[in-house]
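Chain and residue survey
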Amino acid sequence: MSHRDAEYIAKRCYELAEAKKAEELVWLDLRGESSVCDFFVIGSGLSEPHLKAMADHIETELRREKIHAKGVDGFPSSQWIILDYVDVLVHIFLKEKRRFYGLEQLWGSTKRIK
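Predicted model only: the values in this text are computed from it and were never measured.

**Notes on the pattern of salt bridges**
Taken as a whole, this structure holds 10 salt bridges when the rule is applied. Close ionic contact of Glu7 with Arg31 constitutes a salt bridge, the shortest N to O distance being 3.5 Å. Of this pair, Glu7 sits in helix H1 (residues 3–19) while Arg31 is found in the loop between strand E1 (23–29) and strand E2 (39–45), placing the two residues 24 residues apart along the sequence. Glu7 sits in the partly exposed class, given a relative accessible area of 33%. For Arg31, a relative accessible area of 31% puts it in the partly exposed group. Between Glu65 and Arg12 there is a salt bridge whose closest N-O contact spans 2.9 Å.

Printed below as a string of structure tokens:
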């Protein structure tokens, strides 16, 4: 996958999470900072059903564009769902769980796109 493709997928994930009313939505550029992926999209949900709705919406809409997640980890009751699009990782949390893990603080030196 090219960086351009990864950037497009990250942008779409951000837009789709935003469409489902994700809170505190962030898009981080990890290129040159991480060997794991190029982008993080991080958002918070208000409830476990909200987390599921966001994850389902992102997966469904990207699948329509022939973009498939390599994997999905977590589930609403874990309060953290990760969608793995190889060079893009989408993290959807309940607010309390997000504060606990503090991904933005761990990657504080990275460029924030949005």
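Still more to cover.
**Observations regarding the nonpolar core**
Residues Ile58 and Tyr85 are the most contacted members of the largest nonpolar core, which totals 25 residues. Those elements that provide at least two residues to this core are H1, E1, E2, helix H2 (48–64), strand E4 (80–84) and strand E5 (88–94).

**Some words on the pairing of E5**
Across the seven residues of E5, seven count as buried, placing the element largely inside the fold. Burial along E5 is two-sided: Val88, Val90, Ile92 and Leu94 and Leu89, His91 and Phe93, pointing in opposite directions, are all buried. Relative to E5, E2 runs parallel, the two sharing seven bridges. Each bridged residue has a counterpart across the sheet, and for Val41 the counterpart in E5 is Val90.

**Some points on H2**
With 17 residues, H2 should cover 24 Å at 1.5 Å per step; its first-to-last C-alpha distance of 25 Å lies within 8% of that length. Here H2 has its buried residues at His50, Leu51, Met54, Ala55, His57, Ile58, Glu61 and Leu62. All buried residues of H2 project into a common sector of 155° when viewed along the axis, lining one side. Across H2 from its buried face, at more than 90 degrees, point the exposed residues Pro49 and Arg64. Where H2 ends, the next residue or the one after it, Lys66, has phi of about 65°, a positive value.

**Some thoughts on the packing of aromatic side chains**
Under the criterion given, the structure shown has five aromatic pairs. Between Trp80 and Tyr101, the aromatic rings sit 4.6 Å apart at their centres with planes inclined by 45°, giving tilted as the arrangement. Taken as a pair, Trp80 in strand E4 and Tyr101 in helix H3 (residues 95–101) lie far apart in primary sequence, 21 residues in all. Tyr101 gets classed as partly exposed once you look at its relative accessible area, which sits at 37%.

Procedures and definitions
Residues numbered from 1 in each chain as written. Predicted model: local features only at pLDDT ≥ 70, side-chain atom pairs only at ≥ 80, totals over all residues. Heavy atoms only, no water. Salt bridge = Lys/Arg side-chain N within 4 Å of Asp/Glu carboxyl O. Helix = DSSP H or I, 4+ residues; strand = E, 2+ residues; numbered from the N terminus. Buried < 20%, exposed > 50% of the residue type's maximum accessible area, 1.4 Å probe, protein only. Core = buried A, V, L, I, M, F, W, Y, C linked by side-chain atoms within 4.5 Å. Pairing = 2+ DSSP bridges. Expected span 1.5 Å × (residues − 1). Arc of directions from axis to C-beta. Phe/Tyr/Trp six-rings, centres within 6.5 Å; stacked < 30°, edge-to-face > 60°.

Take it as geometry only, folks, not as evidence of what the structure does.
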